[in-house]
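Listed below, chain by chain, are the residues.
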Amino acid sequence: MVDLAPVWDWFRRLHETTGINLTIFYDAFDRARFLNGFLTSLRLMIICLIASVVIGVIGAWLQGSRLALPRWLTQAYIQFFRNTPPLVQLYFFYFALGSYLHTTNAMGLQVPIVSGFAWAVIGLSLYAGAFNVEIFRAGIEAVPKETVEAAEALGYSRLRAYVYVILPLAFRISLPALNNNLVNLIKTTTIAYAIAVPEMLYVANQIWSDELNVPEMMNVLLVIYLALVGVLVFVMGRWERALRVPGYTS
Amino acid sequence: MLRRFVVAGLAAAGLMAAANPAAAQTLDKIKKDGVLVVGSKADYKPFGFRNPSGAIVGFEPDLAQDVADRLHVKLQLEPVVASNRMQFLQQGKIDLMIATMNDTPDRRKVVGIVQPDYYASGVNVFLVKKAAVKSWEQLKGQKICAIQGAWYNKDIAEKYGADIVAFKGTAEAETALQQGNCIGMAYDDTYFVDHLNDPKWAAYAMPLESIDVVPWGLAVKLEELNGPWGQFMSATVKDWHKTGKLIALEKKWKIPPSPYLKKMHDEAK
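The rules behind these values
Within every chain, residues take consecutive numbers counted from 1 along the sequence as written. All chains are assigned letters beginning at A, and all ligands numbers beginning at 1, according to the order in which they are written. Predicted model: local features are reported for residues with pLDDT of at least 70 only, side-chain atom pairs are reported and counted for 80 or more only, and whole-chain, interface and lining totals are derived from all residues. Here a helix means four or more residues in a row that DSSP labels H or I, a strand means two or more in a row labelled E, and each is numbered from the N terminus. C-alpha atoms define the radius of gyration, and 2.2 Å times the number of residues to the power 0.38 defines the globule rule. In this scheme the burial state of a residue depends on its C-beta neighbours within 10 Å: 20 or more other such atoms mean buried, 12 or fewer mean exposed, and anything in between means partly exposed; the C-beta positions come from the backbone. Contacts are defined on C-beta atoms placed from the backbone: any two residues whose C-beta positions lie within 7 Å are in contact. In this analysis, axes come from line fits to C-alpha atoms, helices being fitted only over the stretch in contact, and the angle between any two N-to-C directions falls in the range 0 to 180 degrees. Relative orientations are named as follows: roughly parallel for angles under 35 degrees, roughly antiparallel for angles over 145 degrees, roughly perpendicular for angles from 65 to 115 degrees, and oblique for any other angle. A crossing counts as left-handed when the near helix is turned anticlockwise from the far one by less than a right angle, and as right-handed when that turn is clockwise. For this classification, Asp, Glu, Lys and Arg are treated as charged, while Ala, Val, Leu, Ile, Met, Phe, Trp, Tyr, Cys and Pro are nonpolar and the rest, including Gly, are polar. Expected span of a helix, by definition, is 1.5 Å for each gap between consecutive residues, and there is one gap fewer than residues. At every residue, the bend is computed as the angle between two fitted axes, covering the seven residues ending there and the seven beginning there respectively. Take the buried Ala, Val, Leu, Ile, Met, Phe, Trp, Tyr and Cys residues, join any whose C-beta atoms are within 7 Å, and the set you get is a nonpolar core. Annotation comment: domain bounds sourced from an automatic or database domain assignment. For two strands to count as paired, DSSP must find a minimum of two bridges between them.

Here the focus is the overall build of chain B. In terms of helices and strands, chain B carries 11 helices and 14 strands. Expected size for 269 residues packed as a compact globule is a radius of gyration near 18 Å; at 20 Å, chain B falls within 12% of this value. Residues counted as buried form 39% of the 269 residues belonging to chain B. Considering only intrachain contacts with a sequence separation of at least 6, the fraction spanning at least 24 residues in chain B is 67%.

The subject of this paragraph is the packing of helix α6 (residues 116–142) of chain A against helix α8 (residues 158–188) of chain A. Residues and elements named next belong to chain A. Running from N to C, α6 and α8 cross one another at 150°; their axes reach a closest spacing of 8 Å. Taken together, the axis directions place α6 and α8 in an arrangement best described as roughly antiparallel. Crossing geometry of α6 relative to α8 is assigned as right-handed. Between α6, through Leu124, Ala128, Phe131, Asn132, Ile135, Phe136, Ala138, Gly139, Ile140 and Ala142, and α8, the contact on the second element is made entirely by Ile166, Ala170, Phe171, Ile173, Ser174, Ala177, Leu178, Asn181, Leu185 and Thr188. Split into classes, the residues belonging to the contact of α6 with α8 amount to 15 nonpolar, 5 polar and no charged.

All names here are of chain A. Here α8 spans only 35 Å end to end across 31 residues, well under the 45 Å set by a 1.5 Å rise per residue. Bending of α8 peaks at approximately 55° at the position of Leu175, with proline Pro176 no more than four residues after it. Listed as buried for α8 are Tyr162, Ile166, Ala170, Ile173, Ser174, Leu175, Leu178, Asn181, Leu182, Leu185 and Ile186. On its buried side, α8 packs onto α3 (28–63), α6, α7 (145–153) and α10 (214–243).

Right, let's talk about helix α7 (residues 170–178) of chain B for a bit. Residue and element names in this part refer to chain B. Within α7, the full set of buried residues consists of Thr170, Glu172, Ala173, Glu174, Ala176 and Leu177. Check the buried side of α7 and you find it contacts β2 (43–44), β9 (143–147), β10 (163–167) and β11 (184–188). One or two steps after α7, the chain reaches Gly180, where phi turns positive at roughly 85°.

Once that is clear, we can look at unusual backbone geometry. Residue Pro46(B) is reached from Lys45(B) by a cis peptide bond, and omega for that bond is 0°. Note that Pro46(B) resides in the loop between β2 and β3 (48–50). Pro116(B) follows Gln115(B) through a cis peptide bond whose omega is -5°. Along the chain, Pro116(B) falls in the loop between β7 (112–113) and β8 (119–128). Although it is not a glycine, Ala196(A) sits at a positive phi angle of roughly 60°. Note on placement: Ala196(A) falls in the loop between α8 and α9 (200–211). A tally of 26 C-beta atoms within 10 Å means that Ala196(A) is categorised as buried.

A separate point is the nonpolar core. Judged by nonpolar contacts, the single largest core of 126 residues is most densely connected at Leu90(A), Leu96(B), Met97(B), Ile144(B), Cys145(B), Ala146(B) and Met185(B). With 12 residues, the single largest contributor to this core is α6(A). Three or more residues apiece are contributed to this core by two domains, here domain 1 (14–118 + 217–268) and domain 2 (123–212) of chain B. Those residues in contact with Ala146(B) that lie beyond four places of it in its chain are Asn153(B), Ile164(B), Val165(B), Ala166(B), Ala173(B), Met185(B), Ala186(B) and Tyr187(B).

Walk down a regular strand and you will see the side chains alternate between the two sheet faces. Residue and element names in this part refer to chain B. Burial analysis of β11 places 5 of its 5 residues in the buried class, the great majority of the element. Note that β8 and β11 share 5 bridges and pair antiparallel. Counterpart to Leu127 in the pairing with β11 is Gly184. As paired elements, β9 and β11 share 2 bridges and run parallel to each other.

Residues and elements named next belong to chain A. Topologically, Tyr202 is positioned in helix α9. Placed 146 residues apart in sequence, Tyr202 and Gly56 show a C-alpha to C-alpha distance of 29 Å. Leaving out residues up to four positions away in the same chain, Tyr202 has contacts with Gly37, Tyr193, Ala196 and Val197.

The interface is formed by 23 residues belonging to chain A together with 28 residues belonging to chain B. At the level of elements, β2 (110–112), α9 and α10 of chain A are the ones that each hand at least two residues to the side of chain A that touches chain B.

On to the sheet that holds β2(B), then. Residue and element names in this part refer to chain B. Across the sheet, 3 strands lie side by side as β2-β3-β4; this open sheet has antiparallel pairing. The sheet is open, and its two edges are formed by β2 and β4 (56–57), each paired on a single side. Both β2 and β3 contribute to a ladder of 2 bridges, which runs antiparallel. Across the sheet, residue Tyr44 finds its bridge partner in β3, namely Gly48.

On to the packing of α3(A) against helix α4 (residues 68–82) of chain A, then. Residues and elements named next belong to chain A. For the pair α3 and α4, the least separation of the axes is 8 Å and the interaxial angle reads 135°. Put simply, α3 runs oblique to α4. α4 is crossed by α3, and the crossing has left-handed handedness. Residues Gly59, Leu62 and Gln63 of α3 pack against Pro70, Arg71 and Thr74 of α4. Looking at the contact of α3 with α4 residue by residue, the classes come out as 2 nonpolar, 3 polar and 1 charged.

Attention now moves to the domain arrangement of chain B. Residue and element names in this part refer to chain B. As far as domains go, chain B holds domain 1 (14–118 + 217–268) and domain 2 (123–212). Between the C-alpha centres of domain 1 and domain 2 there is a distance of 27 Å. In this complex, domain 1 contributes 12 residues to the contact, which on the side of domain 2 involves 13 residues.

Bringing the environment of Ala177(A) into the picture now. Residue and element names in this part refer to chain A. Note that Ala177 resides in helix α8. Taking the C-beta count within 10 Å as the criterion, Ala177 has 16 such neighbours and is therefore assigned partly exposed. For the pair Ala177 and Asn132, spaced 45 residues apart in sequence, the C-alpha to C-alpha distance is 8.7 Å. With residues up to four places along the chain from it excluded, the contact list for Ala177 reads Ile135 and Ala138.

So, in C-alpha cells, the structure goes:
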C-alpha cells in the first residue's frame, strides 16, 4: 500500500497558502464519502449502460414481431419513457410506486422493498433503453432487405436471422447514435441525487454545503465527468473501428 | 496534471468573480426601485410557508414586511432553500435573506450575518416511536432522512454514525420518512413543533435532547455588512428585540416561546 499522506498534506498546504479548499483530499471523512460517491456513480453508470443496451436489443426485436401485442407493448413503453422527463420518472418510481411496495422488518417497522439505488437503476435503464430501441430499430431498417431474405432462404429462423445476421450488421450502423445516447445516460445518472442515491453530485452537494467550497467542487465534478465520458467515448470509438466491415457503411 | 487542474480551478473561480458586477449600494438601489427583495423559506411552517392561495406567509415574511414598511417600499418575497440561499445573496438576486439560517462562523466568511441574531433553535430528530430510540448514540447505522445541504448532516453522520439519506426539500424527506425509507428525520427542532400535535404524525415523536442550539441570523452581502444597509438592518433587529415584535410574532404564529427571545427582550429593555 502506497503511503498517500504526503499527497493529502500537499492539498492541506494548498488550502492554507492559496485558499483552494479541496477537503476531499485532506479531510478523511470527506475523502471517504467522496470516494464512495464516485464508486456509487460508477456502479450506477455501468449497470445502466449494460441494462439499457440489453433493453434496446430486445425491444428492437419485439418491435419487428409478427404479433401485434408485443409490437403494441413496445411502442407504449417507448412513448411513455421517451416522452416524460427522467427526473419525473424517478420521483414517480421512488415516491409513488415505492409507497405500494413495502414489507415489515424485525422491529415491526414498514420498510420499502426496492432501495433508492435500485429505483435509479430501473428508472435510468428504462429511460435510456427506450431511446436504444429506436436507435437499434433504425439500424435494423438500414439492413438491406435482400440480406434478410437471403438469410431466410438459407433456412434461418426469425430469431436466428436476427441474432446472427441482422443484429451484427444493424449494430454497426447503430453505434454512432448509440454512442450519443450512452454519453447522455452517463450524464443523466446525476439526477439520482433527487431520490437520495449517494452518487457523486449528491455527495459533492453535501460537501460544498459543509465546507462552502462550491467553485472547487464544481470544478472537481466537471473534470471527473469529462474524464468518465472521455473513457466511454474512447472505448466506443475503438469498438466501432474494431467492428468495421470494409466497404460496408462508413 | 495536478497543477494544470488547480490552474483550471483558479481560472473558473476568477471567471465567476468577474461575472459579479461591482458591489452596488443595496440600500440606495432599494429606495430607487421602490422594491425590497427578500429571500425566504416557502416550505418551513410556520416560519415561511405558502398559504392556500399560494402566497408566502409566516414569521419571517412578517419580518420582511416590517423591513419594507420601515423603508416605505414594496416587498417582494423570493423562495429560497438551504443549498441556494447564500448564492442568491452573493449574486444579488435578493437584497436580504431571512431564511431560517443558523449563524455559524463558516457562514460569516461568506455572507454578512447581521448582529444581533433574531432567533435561536437546535437540531433534533423526529423519530418513529416504534424504533424506541432514547439516545443519540442509538442512531448509529440507522437511516435518517435529512435535507440536502443542511450543515448538521455531517455532524450527525460523523459523531453519531447515522446513515444520512438527504432530499431536496422537507416534503420529499417527510414522504420518505412516512414510507419507511428512514426511521427518523433530522431537522431544526422548531420545524417539528407543528407536527407533534398533528394526528397525521401520531406514530412519531421527538424523544432526544436538541443538539447544537444556535442563533439564527438574517444576512446581507458580506461587503455591505458594515455599510449603510447592514447598519440599517442591525438597528432594525435591535428594535425588534426591544419592542417585543419578535415575541408578538412568535405568538401570532403559535411558535412555543423561545428562551432566547425572552433573554434578548429582557436585556434590551
